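What follows is the residue order along each chain.
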Amino acid sequence: MTILEKLQKTRVYFDGAMGTRFQEYPHEPGEQFERWNLSHPEIVTGIHREYLDVGCDAVSLNTFGANRLKFGGDTGAIIEGAARCARAALESTTVKKEHYLALDIGPTGKLLEPLGDLPFEEAVSVFAEVVKIGAPLVDVILIETMNDSYETKAALLAAKENSDLPVFVTNVYDASGKLMTGADIRAMVSLLEGLGADALGMNCSLGARQMEGLTPEFIRYASVPVMVTPNAGLPRSEEGRTIYDLSIDEYVSSMKEIARSGARILGGCCGTTPEYLSRVIRETADIPLTEITEKDFSFISSSTHAVEIGPAPVLIGERINPTGKKRLKQALKEKDITYILNEGTTQADKGVQVLDVNVGMPEIDESAMMREVVSALQSVTDLPLQIDTSDAEALEAGMRCYNGKPMVNSVNGKQAVMDAVFPLVKKYGGLVVALTLDEAGIPSKAEERAAIAERIIKEAERYGIRKKDIIVDPLALTVSAEKDSALITLEAIRILKAKGIHTSLGVSNVSFGLPKREFITASFFIMALEAGLNAAIMNPYSAEMMKAYYSYLALKGLDENCSRYIEFAATVEVPVSPAAGAGAGASGRGAAQGSGQDSGQVDIKSESGEKHAGSGDLKNAIIRGLKALAAELCAAALKETEPLKVVNEMIIPALDEVGRSYEEGRSYLPQLLMSAEAATAAFQAVKETLSASGESAKKGKILLATVRGDIHDIGKNIVKVLLENYGFEVMDLGRDVPPEVVLESVLREKITLVGLSALMTTTVGAMEETIALLREKAPGVKVMVGGAVLTDEVAGRIGADFYGSDAMASVRYAERIFSGGGS
């Protein structure tokens with residue numbers, strides 16, 4: 001019986017912690033326990049056997065960090081050694097039943113581009129090598145402890161492309177249900193199911209009590225088995241040892257509730273032991289199973305959140321499409337990515353929930369440009385994208401690098417088109433726009449368009465693509481050429497709605513060839529919404545369209561307390577002509593590019609009441625993360641303003657605004673880092689000016705290091721970027737840094753503040769050793785620490801002055817230290 005077959009019949013129990021178990025044996029601080037597969041196989045085998053002896057169905061190979069970035073040419077031997085240890089445990093366990101071995105794949109310890117320096121395809125290659133070596137030796141692949149949705153995608157793609165084994169994926173969530181890089185549960189369910197994960201869920205970071213509260217959300221949205229493997233609570237210090245704060249009784253109590261909520265796969269993470277798992281297995285065995293059902297949510301997602309098609313109409317911004325847009329065509333030819341990014345962020349400001357991305361022009365390499373634009377847009381906005389192309393190669397380029405589950409525009413009833421598009425959607429996941437045309441053209445009757453839609457849906461099912469992942473475009477044709485065309489489209493929407501099929505339209509086509517097009521377009525838009533339209537590709541710069549949308553939401557009861565309408569109305573300036581008086585409507589500022597319609601453009605005001613300048617000022621460019629524009633605007637500002645004034649009145653206030661948004665949970669790590677990158681570009685211009693004058697903007701020097709034995713430097717690198725952008729000079733010693741090297745650098749460079757990072761529980765000892773050496777040899781230095789395995793209590797126990805729960809907290813502490821505020 002395969003593990004997937006077993007999951008259909010019963011609950012499956014994975015093992016518990018490995019790393020914290022290894023720490024019970026004599027070892028060096030920061031020792032790489034994956035090497036014990038070769039040097040201490042009896043210990044590895046013994047731990048596996050203990051879990052099997054208490055009834056666990058599956059054990060994970062000791063391969064969590066086994067990849068070439070950490071072990072180079074030894075990776076293959078380590079993975080093969082891990083399999084031998086696990087096989088030996090299977091042969092010697094006292095429990096004789098069907099067992100399963102899992103290839104355990106953890107994170108690389110690096111951030112992927114554009115937030116970090118690891119290219120996406122390099123990450124895929126790293127994971128693929130692990131899969132190729134390990135998959136023939138196991139029954140299932142477990143991708144776990146991932147805190148970045150993009151790295152998760154790289155690992156899952158590698159697993160699916162290089163093996164036919166089932167793949168389970170668990171991510172690390174915080175107490176609010178978000179990954180470090182911002183993705184929420186709905187976004188991860190959308191991404192993982194789209195990519196074909198066979199089970200999904202969460203592990204590590206949180207204890208069972210916290211995961212108990214998050215499990216119901218997974219069960220609500222997931223159509224595959226849900227896996228929950230919590231820590232034994234949060235770490236604390238007791239008599240010099242790191243232990244976890246949930247007793248076995250408390251842990252088991254929460255695990256029983258997790259099982260009742262519907263989790264089908266249970267196990268343990270840091271701090272758990274065979275005793276924990278024995279009790280979990282015994283006390284959840286008789287809890288009735290919750291049926292695993294296909295959920296009917298139609299989601300698209302970005303790196304942070306999902307957008308559901310259905311409950312309320314969704315706006316798709318049409319502006320990144322060269323059709324009829326001379327300036328965009330020029331930008332594409334000249335690779336002026338800044339202009340394209342500004343179009344994206346400005347449409348986001350106008351209120352769209354999705355951005356259409358079409359870069360198709362005969363003069364350019366569409367695949368390369370699609371890849372570049374999709375990647376760049378995701379670095380400055382967290383809106384989901386609609387990848388819009390008729391070129392299958394360009395479509396795959398965009399879908400592969402996309403961090404989320406995209407809309408795909410489009411497929412139609414032509415067999416050749418379906419044959420090209422549906423395999424890509426099956427592989428990468430997506431919500432497909434289906435145009436109601438086929439080899440015979442566009443039908444003139446609504447019923448015939450609906451029939452094409454149903455044919456497309458039936459064909460999609462052959463690929464395993466569900467009806468919920470198809471959204472039909474019944475095609476709006478110009479009313480000036482055929483007087484009944486709008487009525488036919490509206491009737492098609494009504495027919496499709498009655499069949500439970502979602503619909504989308506490019507609404508502006510209806511008014512082609514007519515004067516003051518926005519009047520016709522907006523009226524048709526309202527009629528389509530009332531007929532049941534779910535999404536519209538539209539011009540968000542059109543005042544008439546935006547007024548129609550927000551008014552419709554308010555009148556249909558889709559806008560609680562009319563709050564969205566009120567917020568929108570506050571941003572609209574309505575010029576009043578002397579002749580028309582108070583009854584005059586909003587006037588446009590010119591024709592919209594693209595469809596050629598008059599835009600009636602809305603003026604959006606900032607919080608201060610001034611008109612929003614798009615990215616026309618340095619502060620705003622930094623907030624938006626527009627790196628090239630920030631450098632350009634900073635250079636211009638320096639011609640008229642003193643360098644330090646630019647720093648203190650433009651750059652730092654922008655970083656503070658983004659930092660506050662991050663601290664308050666209104667933005668996430670990607671936005672924080674991209675704003676920091678934009679600030680870095682601006683600072684470079686400042687540095688050049690200051691260097692010429694002999695001045696300096698530095699506030700003080702800080703030393704950063706990831707401690708000995710730990711190769712994970714994501715957190716340290718994030719802190720480094722932010723500190724540098726707040727004007728601190730940072731000396732980065734890298735990762736796996738011995739205590740003696742830290743001390744030597746502190747004494748040589750006369751360092752005031754040291755920041756130490758550790759991700760693994762096994763390297764906390766190395767951090768403590770480093771701090772002890774500093775206390776002895778450099779007693780005046782302040783030490784701040786950070787990492788997923790630390791808490792305030794653990795930081796205090798190992799002698800640190802400050803625990804930074806996130807990167808901004810470390811920046812705030814550094815500001816206090818160097819301003820004389822102390823610790």
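Everything in this summary refers to the structure shown in the same document. (Residues numbered from 1 in each chain as written. Predicted model: local features only at pLDDT ≥ 70, side-chain atom pairs only at ≥ 80, totals over all residues. Heavy atoms only, no water.)

**Side note on helix α9 (residues 185-195)**
For an α-helix the count is 3.6 residues per turn, leaving residues at separations of three or four pointing the same way. Selection criterion: Relative accessibility under 20% of the residue-type maximum defines a buried residue, over 50% an exposed one, and the middle range a partly exposed one, all with a 1.4 Å probe and only protein chains included. Here a helix means four or more residues in a row that DSSP labels H or I, a strand means two or more in a row labelled E, and each is numbered from the N terminus. Think of a polar contact as two N or O atoms within 3.5 Å of one another; within protein, one of them needs to be a possible hydrogen donor and the other a possible acceptor, and neighboring residues in sequence only count if both atoms come from side chains.
Burial analysis of α9 places nine of its eleven residues in the buried class, which makes it a mostly covered element. Taken as a whole, α9 has its buried residues at Ile185, Ala187, Met188, Val189, Ser190, Leu191, Leu192, Gly194 and Leu195. By the N-cap criterion, in which a side-chain oxygen at the helix start approaches the backbone nitrogen of a residue two or three places on, α9 is capped by Asp184, the distance to Arg186 being 3.3 Å. Of the residues one or two after α9, Gly196 is the one with positive phi, at around 95°.

**A word on the packing of helix α18 (residues 446-462) against helix α19 (residues 485-498)**
Threshold: Here the axes come from fitting lines to C-alpha atoms, over the contacting stretch only for helices, and the angles between their N-to-C directions go from 0 to 180 degrees. Angles are sorted into four bins: roughly parallel if under 35 degrees, roughly antiparallel if over 145, roughly perpendicular if 65 to 115, and oblique for all others. Helix crossings fall into two classes, left-handed where the near helix is turned counterclockwise from the far one by less than a right angle and right-handed where it is turned clockwise. Contacts: residue pairs with any heavy atoms within 4.5 Å of one another. Only Asp, Glu, Lys and Arg are considered charged, only Ala, Val, Leu, Ile, Met, Phe, Trp, Tyr, Cys and Pro nonpolar, and every remaining residue, Gly among them, polar.
Between α18 and α19, the least distance of the axes is 8 Å, while the angle of their chain directions is 45°. Classified by the interaxial angle, the pair formed by α18 and α19 is oblique. For the pair α18 and α19, the crossing hand works out as right-handed. Side by side, α18 and α19 meet where Ala446, Glu447, Arg449, Ala450 and Ala453 of the first sit next to Ile488, Thr489, Glu491, Ala492, Ile495 and Leu496 of the second. Classifying every residue of the contact of α18 with α19 gives seven nonpolar, one polar and three charged.

**Some thoughts on the environment of Ser523**
Looking at the secondary structure, you find Ser523 in helix α20 (residues 517-531). Considered as a pair, Ser523 and Glu461 are 62 residues apart in the sequence and their alpha carbons are 36 Å apart. Within the structure, the side chain of Ser523 is placed 3.0 Å from the backbone oxygen of Phe519, a separation counted as a polar contact.

**A short note on the side chain of Thr346**
Among the structural elements, Thr346 can be located in helix α14 (residues 337-350). Of the polar contacts made by the side chain of Thr346, one reaches the backbone oxygen of Asn342; its length is 2.7 Å.

**Regarding the sheet that holds strand β15 (residues 385-388)**
Quick reminder of the rule: When DSSP finds two or more bridges between a pair of strands, those strands are recorded as paired.
An order of β13-β14-β15-β16-β17-β18-β19-β20 is seen for the eight strands of this closed barrel, with the pairing classed as parallel. If you compare each strand with its neighbour and ignore which way they point, the axes differ by 30° on average. Sheet analysis places strand β13 (residues 314-320) next to strand β14 (residues 354-357), joined by three bridges and oriented parallel. What sits directly across from Gly317, in β14, is Leu355. On top of the sheet, helix α17 (residues 415-428) reaches β16 (407-412), β17 (431-435) and β18 (470-473); it is set at about 155° to β16, its chief contact.

**Points about the sheet that holds strand β22 (residues 729-732)**
Strand order across the open sheet formed by five strands is β22-β21-β23-β24-β25, with parallel pairing between neighbours. What marks the edges here is a single partner per strand, and that holds for β22 and β25 (802-803). Pairing of strand β23 (residues 753-757) with strand β24 (residues 782-786) involves five bridges; the strand directions are parallel. Across the sheet, the residue bridging to Leu756 is Val785, located in β24. Strands β21 (701-706), β22 and β23 of the sheet are contacted by helix α28 (residues 739-749), whose axis makes an angle of about 170° with β21.

**Side note on the nonpolar core**
Threshold: In these notes, a set of buried Ala, Val, Leu, Ile, Met, Phe, Trp, Tyr and Cys residues joined through side-chain atoms within 4.5 Å is what counts as a nonpolar core.
Counting 230 residues, the largest nonpolar core has Ile143, Phe525, Ile622, Ile651 and Leu723 as its most contacted members. Residue contributions to this core peak at twelve residues, all from helix α26 (residues 669-693). In contact with Phe525, not counting residues within four places along its chain, are Leu315, Val507, Leu533, Ala536, Met545, Ala548 and Tyr549. Grouped together as the second largest cluster of nonpolar side chains are 29 residues, Val742, Val764, Ala795 and Ala800 included.

**Some points on the packing of aromatic side chains**
Rules: To pair, rings of Phe, Tyr and Trp, with the six-membered ring standing in for Trp, must have centres within 6.5 Å; the planes then decide the type, stacked if under 30 degrees apart, edge-to-face if over 60, and tilted in the middle.
Under the criterion given, the structure shown has 15 aromatic pairs. For the pair Phe120 and Tyr150, a centre-to-centre distance of 4.6 Å together with 20° between the ring planes defines the contact as stacked. Here Tyr150 lies in helix α8 (residues 149-162) and Phe120 lies in helix α7 (residues 120-134), a separation of 30 residues in the sequence. A relative accessible area of 8% means that Tyr150 is categorised as buried. With centroids separated by 5.7 Å and ring planes inclined at 45°, the aromatic side chains of Phe422 and Tyr463 adopt a geometry described as tilted. Residue Phe422 is found in helix α17, and its partner Tyr463 is found in the loop between α18 and β18; the two are separated by 41 residues along the sequence.

**Remarks on the side chain of Ser745**
In this fold, Ser745 is placed in helix α28. A relative accessible area of 3% places Ser745 in the buried class. Residues in contact with Ser745, not counting those within four places in the same chain, are Leu703, Met731, Leu733, Lys750 and Ile751.

**Observations concerning the pattern of salt bridges**
Put simply, the rule reads: We count a salt bridge whenever a side-chain nitrogen from Lys or Arg sits within 4 Å of a carboxyl oxygen from Asp or Glu.
Within the structure shown, the criterion is met by 47 salt bridges. Lys405 is the partner of Asp469 in a salt bridge, and the nearest nitrogen-oxygen pair spans 2.7 Å. Of the two residues, Asp469 sits in the loop between α18 and β18 while Lys405 sits in the loop between α16 (392-401) and β16, which places them 64 residues apart along the sequence. Just as Asp469 is buried, Lys405 falls in that class too. One connected set of salt bridges, linked through shared partners, spans Asp656, Glu663, Lys699, Arg812 and Glu815.

**Regarding α8**
As a reminder of what qualifies: Multiply 1.5 Å by the residue count of a helix minus one, and that product is the helix's expected span.
A rise of 1.5 Å per residue sets the reference length of α8, with its 14 residues, at 20 Å; its end C-alpha atoms lie 20 Å apart and thus fit the reference within 8%. Along α8, eleven of the 14 residues are buried, which leaves the element largely enclosed by surrounding structure. Those residues of α8 that fall on the buried side of the exposure criterion are Ser149, Tyr150, Glu151, Thr152, Lys153, Ala154, Ala155, Leu156, Leu157, Ala158 and Ala159. Where α8 begins, one side-chain oxygen reaches toward the backbone nitrogen of Tyr150, 3.1 Å away; that side chain belongs to Asp148.

**Comments concerning the pairing of strand β20 (residues 535-538)**
Regular strands have side chains that alternate between both faces of the sheet. Selection rule: The handedness of a crossover follows from its direction of travel: if, with the strands pointing away from the viewer, the path from the first strand over the helix to the second runs clockwise, the crossover is right-handed.
Side chains Ala535 and Ile537 of β20 all project onto a buried face; the interleaved residues Ala536 and Met538 project onto the opposite face, where all are buried too. Here β13 runs beside β20; their pairing, made up of four bridges, is parallel. Note that in β20 the partner of Gly317 across the bridge is Met538. The sheet contact formed by strand β19 (residues 502-506) and β20 spans three bridges and is parallel. Across the sheet, the residue bridging to Gly506 is Ile537, located in β20. Taken together, β19, α20 and β20 form a β-α-β motif whose crossover is right-handed.

**Structural notes on the state of the cysteines**
Test applied: Pairs of cysteine sulfur atoms within 2.5 Å are identified as disulfides in what follows.
According to the stated counting rule, one finds zero disulfides in the structure shown. Unpaired in terms of disulfides, Cys204 finds its nearest cysteine sulfur in Cys270, a separation of 3.9 Å. Looking at Cys204, the relative accessible area reads 14%, which means it is buried.

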